[in-house]
Amino acid sequence: MTKIVTARSNGNGSTYPDDGQDVETLIQKADTAMYAAKKFGRNNCQFFRADMQARVLERQSLEGDLRYALSRNQFTLRYQPKIDLKTGEITGVKSYCVGNIPSAG
């Protein structure tokens, strides 16, 4: 069977029929490959792989969970003292945010 490559102007791409049956899907997956290539720096070419889509979905899921938790005030600001081990004195404070997000486990 003949494979058709959908390439974006940046040199990244996807292939028909492996990566999709319609133009919109092929372009979306070529764009996913483009963003993956950008992570590796300049002069990089990538073709879509299934693991790229899995990372996109994972990131979208995490973002949705964080937005939901934020809308429900499920974050708590905590402080931790920085202590000089020689003198035992508090030299500063470190702050961090703790999320009580049921879907995160």
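The coordinates are above.
Residues numbered from 1 in each chain as written. Predicted model: local features only at pLDDT ≥ 70, side-chain atom pairs only at ≥ 80, totals over all residues. Heavy atoms only, no water.

## Notes on the overall build of the protein
Then comes step 1: On a plain count of helices and strands, the protein comes out with two helices and four strands.
Then comes step 2: Secondary structure elements of the protein, listed N to C terminal, follow the sequence β-β-α-α-β-β.
Then comes step 3: With 105 residues in all, the protein has 23% of them scored as buried. (Helix = DSSP H or I, 4+ residues; strand = E, 2+ residues; numbered from the N terminus. Buried < 20%, exposed > 50% of the residue type's maximum accessible area, 1.4 Å probe, protein only.)

## Structural notes on the pairing of strand β3 (residues 75–83)
When a strand is regular, its side chains alternate between the sheet's two faces.
Then comes step 1: As judged from the nine bridges shared by β3 and strand β4 (residues 90–99), these two strands associate in the antiparallel manner. By the bridge assignment, glutamine 80 is partnered in β4 with lysine 94. (Pairing = 2+ DSSP bridges.)

## Regarding the packing of helix α1 (residues 23–39) against helix α2 (residues 50–71)
Then comes step 1: Orientation of α1 relative to α2, taken along the N-to-C sense of each, is 85°, at an axis distance of 10 Å. Taken together, α1 and α2 sit at an angle that is classed as roughly perpendicular. Here Thr32, Ala33 and Ala36 of α1 come into contact with α2, specifically with Met52, Gln53 and Val56.
Then comes step 2: A class-by-class count of the residues in the contact of α1 with α2 yields four nonpolar, two polar and no charged. (Axes fitted to C-alpha atoms, helices over the stretch in contact; angles between N-to-C directions. Parallel < 35°, antiparallel > 145°, perpendicular 65-115°, else oblique. Contact = heavy atoms within 4.5 Å. Nonpolar A, V, L, I, M, F, W, Y, C, P; charged D, E, K, R; others polar.)

## Regarding the environment of glycine 13
Then comes step 1: Topologically, glycine 13 is positioned in strand β2 (residues 13–16).
Then comes step 2: For glycine 13, a relative accessible area of 0% translates into the label buried.
Then comes step 3: Residues glycine 13 and phenylalanine 48 lie 35 residues apart in sequence; the distance between their C-alpha atoms is 6.3 Å.

## Examining α1
Then comes step 1: The terminal C-alpha atoms of α1 lie 25 Å apart, and with 17 residues this matches the ideal 24 Å at 1.5 Å per residue to within 8%.
Then comes step 2: The residue sitting at the N-terminus of α1 and contributing the capping side-chain oxygen is aspartate 22; that oxygen lies 3.2 Å from the backbone nitrogen of glutamate 24.
Then comes step 3: Directly beyond the C-terminal end of α1, a positive phi value near 95° is found at glycine 41. (Expected span 1.5 Å × (residues − 1). Polar contact = N/O pair within 3.5 Å; in protein donor to acceptor, adjacent residues only side chain to side chain.)

## A look at a nonpolar patch on the surface
Then comes step 1: A contiguous nonpolar patch, built from Leu77, Tyr79, Ile83, Ile90 and Val93 and spanning about 560 Å² of accessible area, is present on the exposed surface.
Then comes step 2: For the nonpolar patch, the elements supplying multiple residues, two or more each, are β3 and β4.
Then comes step 3: Looking at the nonpolar patch element by element, the count peaks at three residues for β3.
Then comes step 4: Residue position: isoleucine 83 is located in strand β3.
Then comes step 5: On the basis of relative accessible area, isoleucine 83 is assigned to the partly exposed category, the value being 47%. (Patch = residues over 30% accessible without salt bridge, like charges linked within 9 Å, V, L, I, M, F, W, Y side chains within 5 Å. Areas by Shrake-Rupley, 256 points an atom, 1.4 Å probe, with all protein chains shown as cover. Salt bridge = Lys/Arg side-chain N within 4 Å of Asp/Glu carboxyl O.)

## As for α2
Then comes step 1: Over its 22 residues, α2 runs 32 Å from end to end, which matches the ideal 32 Å to within 8%, given 1.5 Å per residue.
Then comes step 2: Restricting attention to buried positions, one finds in α2 the residues Met52, Val56 and Ala69. The buried residues of α2 occupy an angular sector of 160° when projected down its axis, which confines them to one face. Turned more than 90 degrees away from the buried face of α2, the exposed residues are Ala50 and Glu58.
Then comes step 3: Buried residues belonging to α2 abut α1 and β3. (Arc of directions from axis to C-beta.)

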